[in-house]
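Here is what each chain is made of, one letter per residue.
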Amino acid sequence: MAELGIPAFRGKQLGNQYFGRLEADPGEMTDIPADLRERIGDELFPPLSTSLRHVTSDEGTTRKTLWRLHDGSLVESVLMRYPDRATVCISSQAGCGMACPFCATGQGGLQRNLSAAEILDQVRVAARAMRDGEIPGGPGRISNVVFMGMGEPLANYKRVLTAVRGLVSPPPSGFGLSQRAVTVSTVGVVPAIHKLAEEGLQVTLAVSLHTPDDELRDTLVPVNNRWPVTEVMDAARHYADSTGRRVSIEYALIRDVNDQIWRGEMLGRLLAQRLGRMAHVNVIPLNPTPGSKWDASPRSQQDAFVDAVRASGVSCTVRDTRGQEIDAACGQLAAEG
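Since we're looking at a predicted model, the values are computed, not measured.

**A word on the pairing of strand β2 (residues 62–69)**
Point 1. In terms of burial, β2 is a largely internal element, 7 of the 8 residues being buried.
Point 2. In this sheet, β2 lies alongside strand β1 (residues 49–57) in antiparallel orientation, the contact comprising 8 bridges. By the bridge assignment for β2, Thr56 is matched with Arg63.
Point 3. Looking at chain direction, β2 and strand β3 (residues 74–81) are connected through 7 bridges and run antiparallel. Of the residues in β3, the one forming a bridge with Thr62 is Met80.
Point 4. In this structure, the hairpin formed by β2 and β3 is closed by a connection of 4 residues, where Gly72 is found at a positive phi of approximately 95°.

**Looking at the packing of aromatic side chains**
Point 1. What the rule picks out here adds up to 5 aromatic pairs.
Point 2. Taking 6.5 Å as the distance between ring centres and 35° as the angle between the ring planes, the aromatic pair formed by Tyr18 and Phe45 counts as tilted. Remark: Phe45 occurs in the loop between α2 (34–44) and β1 and Tyr18 occurs in helix α1 (residues 9–20); sequence separation between them is 27 residues. Just as Tyr18 is buried, Phe45 falls in that class too.
Point 3. On the numbers, 4.8 Å between centres and 40° between planes, the contact of Tyr251 with Phe305 is tilted. Residue Tyr251 is found in strand β10 (residues 247–253), and its partner Phe305 is found in helix α10 (residues 299–310); the two are separated by 54 residues along the sequence. Phe305 matches Tyr251 in its accessibility class, with the two residues each being buried.
Point 4. Feature note: the residues Tyr18, Phe19, Phe45 and Phe175 constitute an aromatic cluster, connected by ring pairs.

**A closer look at the pattern of salt bridges**
Point 1. Taken as a whole, this structure holds 15 salt bridges when the rule is applied.
Point 2. The partner of Asp132 in a salt bridge is Arg131, and the shortest N-O contact between them spans 2.9 Å.
Point 3. Take Asp132: its relative accessible area is 41%, and that puts it in the partly exposed class.
Point 4. Arg131 gets classed as partly exposed once you look at its relative accessible area, which sits at 35%.
Point 5. Between Arg263 and Asp213 there is a salt bridge whose closest N-O contact spans 2.9 Å. Residue Arg263 is located in helix α9 (residues 261–274), and its partner Asp213 is located in the loop between β9 (204–208) and α7 (214–220); the two are separated by 50 residues in the primary sequence.
Point 6. What makes Arg263 buried here is its relative accessible area of 8%.
Point 7. Judged by relative accessible area, Asp213 falls into the buried class, the value being 10%.
Point 8. Each member of the salt-bridge network shares a partner with another, and the members are Asp71, Arg112 and Glu118.

**Some details on the pairing of strand β11 (residues 279–285)**
Point 1. Of all 7 residues that make up β11, 7 are buried, and the element is covered over most of its length.
Point 2. Here β11 shows no split at all, with Ala279, Val281, Val283 and Pro285 on one side and His280, Asn282 and Ile284 on the other all buried.
Point 3. Taken together, the 7 bridges between β10 and β11 define a ladder with parallel strand orientation. Opposite Ile249, over in β11, you have Val281 as the bridge partner.
Point 4. With respect to chirality, the unit in which β10 leads through α9 into the neighbouring parallel β11 is right-handed.
Point 5. Two strands pair when backbone bridges link them, and β11 and strand β12 (residues 315–318) are joined in this way by 4 bridges, in the parallel orientation. Each bridged residue has a counterpart across the sheet, and for Asn282 the counterpart in β12 is Thr317.

Calculation criteria
- Each chain carries its own residue numbering, running from 1 in the direction its sequence is written.
- Side-chain atom pairs in this predicted model are given and counted only at pLDDT of 80 or more, local residue features only at pLDDT of at least 70, and totals for whole chains, interfaces and linings cover all residues.
- Heavy atoms throughout the structure, all of them, feed into the side-chain values; hydrogens and water do not.
- Exposed residues in this analysis have more than 50% of their type's maximum accessible area, buried residues have under 20%, and partly exposed residues fall in between, with area computed by a 1.4 Å probe over protein chains only.
- Put simply, DSSP H or I for four residues or longer makes a helix, DSSP E for two residues or longer makes a strand, and each gets a number counted from the N terminus.
- In this scheme, strands are said to pair when DSSP sees at least two bridges between them.
- Any Phe, Tyr or Trp ring, taking Trp's six-membered ring, that has another such ring centre within 6.5 Å forms a pair; planes under 30 degrees apart are called stacked, those over 60 apart edge-to-face, and the others tilted.
- Salt bridges, as used here, are contacts in which a Lys or Arg side-chain nitrogen is within 4 Å of a carboxyl oxygen on Asp or Glu.
- Whether a crossover is right-handed comes down to one check: with the strands pointing away from the viewer, does the path from the first strand over the helix to the second run clockwise; if it does, it is right-handed.

And the structure:
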């Protein structure tokens, strides 16, 4: 604001408009003088993204949005309304460079990192949709944000951290969400996990492990060739010790690939030894993606796997899958125009 020769207090007004009133159109900011609105719009509110389409399922309570960014890149976000909460799943990169073979996003490769503004605007639009009653159930609020859309969040560390601080700071500096209501997911970028552990935040860390053994994980999560399971567990332990927060272990269950009972037992022993009560396993029935040779495990095998993990005293539940039929579930986001 100082560089533009505009009084500093106007910056606080703009922050309250964006984060508090969820307004990004300076023309609607009636507490700003009319002669300043156009100038502020040109200088401070460049067009970040355009909503190309919404696709809904679950009687309208799950809504996937396809965004075209200013350079033509495409990303997706998913808003999910439950009886007791509303969660928005956001993207941190256009595409993903992690190349996990069972994930549609990973198969498309990485286009680029998103800016902090592009990340935060996905949340602002979702929050506005909830506030204005666009989602069945009447007006409401966003309660949770998960970095589980397109991209590897910790590969875009600086911008994701800026966005996280924007989520949890109160207006005029942020949306004022609870830190514990924000989840940052990673396939196991070990140096960044250690770094995040020292940021003084209370966000939830979700580690996409998918198998407890290096031999299979080298294939399912190629970054494991660089940071094997033991190093990922060391980093997760550091995060749990530094924050006092339980680490969520994500496990996409794939028929005849990683759903063996012995692997469930191995996973339970690994987590009991390395994390103990600071681990919670989220079993995710594999969501189908075009051209994939893999599919979800039968329900009986899924239940037996969960029991095998729990036998070691480790908390384990099956995630409620939303949006599968509109390709909005975990691993399905491909941002196809």
